[in-house]
Amino acid sequence: MSKVEEIKAKLEQAGIRYWANDNISEVLEEGDKQALIEEAVPAFENVLQKLLIDTKTDPNSMDTARRMAKMYINEIMSGRYDDMPNPSAFPNYVGEGGYEGMLVVRSELTSLCSHHHQTVKGVAYIGIIAGPKLLGLSKYTRIAQWCATRGTLQEELNVMIANAIQEQTGSEHVGVYVQATHGCCENRGIRAHSSLTQTTVLRGAFKDDPATKKEFIDNVKLQQQFACGK
């Protein structure tokens, strides 16, 4: 049995879904990622052959199949195979000197469109009203990037980030705004190089309280202005 078949059997036996945007790390063991790379190399080689690319004498295409296999599993889809980064959460003593205000973090993201496997590149603005736990500032970005490094759609990615932040902080009040450009629009189809897609997920006060929503949007605008001015 191949490693792919072995892992697939584990997933199906455990009733774990393995869509392009799902994380399957809980069934992986040490060495499995490298084994998957080795099995993916001939598959990528076959794709190159079907495209009539000479991988034997073209110096630019030699070993491309291995580079592609490593890139997919170790980099652009690593969020499927790696555990969530340790969020390093610490208690927030609300009402006892803890922080009760809003926090907005800007996180740069690179994802992969699951339809055409083209790059999705953009920024997530994560807003949160502090709950029972706080995260180190870099952890918001690490979690967002972990969600992004897999095949997905921007709408799904936005929801995944919001879910993960709520789960790790215990806060009911989370807002996530994502703006991104899509390779599937820029490099094929309509080839729209100025196309920008924006999605927003609002939870708790971010959704129900107009003042909180306005503060979040104003903070996003300030961060955008700062980023443009750098």
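Check the entry above for the structure.
Parameters at a glance
- Residues numbered from 1 in each chain as written.
- Predicted model: local features only at pLDDT ≥ 70, side-chain atom pairs only at ≥ 80, totals over all residues.
- Heavy atoms only, no water.
- Pairing = 2+ DSSP bridges.
- Helix = DSSP H or I, 4+ residues; strand = E, 2+ residues; numbered from the N terminus.
- Contact = heavy atoms within 4.5 Å.
- Axes fitted to C-alpha atoms, helices over the stretch in contact; angles between N-to-C directions.
- Polar contact = N/O pair within 3.5 Å; in protein donor to acceptor, adjacent residues only side chain to side chain.
- Phe/Tyr/Trp six-rings, centres within 6.5 Å; stacked < 30°, edge-to-face > 60°.
- Buried < 20%, exposed > 50% of the residue type's maximum accessible area, 1.4 Å probe, protein only.
- Lys NZ or Arg CZ within 6 Å of the ring centre and 35° of its normal.
- Salt bridge = Lys/Arg side-chain N within 4 Å of Asp/Glu carboxyl O.

Trainee: Can you help me understand the sheet that holds strand β7 (residues 197-202) in this one?
Mentor: Paired through their backbone hydrogen bonds, the strands of a sheet run either parallel or antiparallel. The strand order across the open sheet formed by 5 strands is β5-β2-β3-β6-β7, and the pairing between neighbours is mixed. Edge positions in the sheet fall to β5 (151-152) and β7, since each of these pairs with one other strand and no more. As judged from the 2 bridges shared by strand β2 (residues 102-113) and β5, these two strands associate in the parallel manner. For L112, the partnering residue across the bridge sits in β5 and is G151. Each of β2, β3 (119-129), β5, β6 (174-182) and β7 is contacted by helix α6 (residues 154-169), which is oriented at about 150° to β6, the strand it contacts most. On top of the sheet, helix α9 (residues 210-229) reaches β2, β3, β6 and β7; it is set at about 65° to β2, its chief contact.

Trainee: In this structure, what is going on with the side chain of S25? I would like to understand it.
Mentor: The topology assignment puts S25 in the loop between α1 (3-14) and α2 (32-50). A distance of 2.6 Å separates a polar atom in the side chain of S25 from a polar atom in the side chain of N23. Of note is the side chain of S25, whose polar atom sits 2.7 Å from the side chain of D83. Apart from the residues lying within four places of it in its own chain, the contact partners of S25 are R80, Y81, D82 and D83.

Trainee: How should the packing of aromatic side chains be read in this particular structure?
Mentor: When we look at a pair of aromatic rings, we describe it by the centre distance and by the angle of the planes. Considering all chains together, one arrives at 3 aromatic pairs under this definition. With a centroid separation of 5.3 Å and 85° between ring planes, the pair formed by F206 and F216 is classed as edge-to-face. Remark: F216 occurs in helix α9 and F206 occurs in helix α8 (residues 205-208); sequence separation between them is 10 residues. In terms of burial, F206 and F216 fall into one category: buried. Sitting over the face of the ring of W19, R17 holds its NZ or CZ atom 3.6 Å from the ring centroid. Sitting over the ring of W146, R150 keeps its end group 4.6 Å from the ring centre.

Trainee: What exactly am I supposed to notice about the pairing of β2 here?
Mentor: If a strand is regular, its side chains alternate between the two faces of the sheet. Here 11 bridges tie β2 to β3, and the two strands are oriented antiparallel to one another. By the bridge assignment, R106 is partnered in β3 with Y125.

Trainee: Mind showing me how you'd approach the pattern of salt bridges here?
Mentor: A side chain of one charge can pair with a side chain of the opposite charge when the charged atoms of the two come close. Tallying each qualifying case throughout the model produces 10 salt bridges. The closest approach of N and O atoms between D22 and R17, which form a salt bridge, is 2.7 Å. Among the residues examined, D22 registers a relative accessible area of 11% and is labelled buried. Note that K214 is salt-bridged to D218, the shortest N-O span being 2.7 Å. Placement of the pair is K214 and D218 together in helix α9, with a separation of 4 residues, close to one helical turn. For D218, a relative accessible area of 30% gives the class partly exposed. Three or more residues joined by partner-sharing salt bridges are found here, namely K3, E6, K10, E29 and D32.

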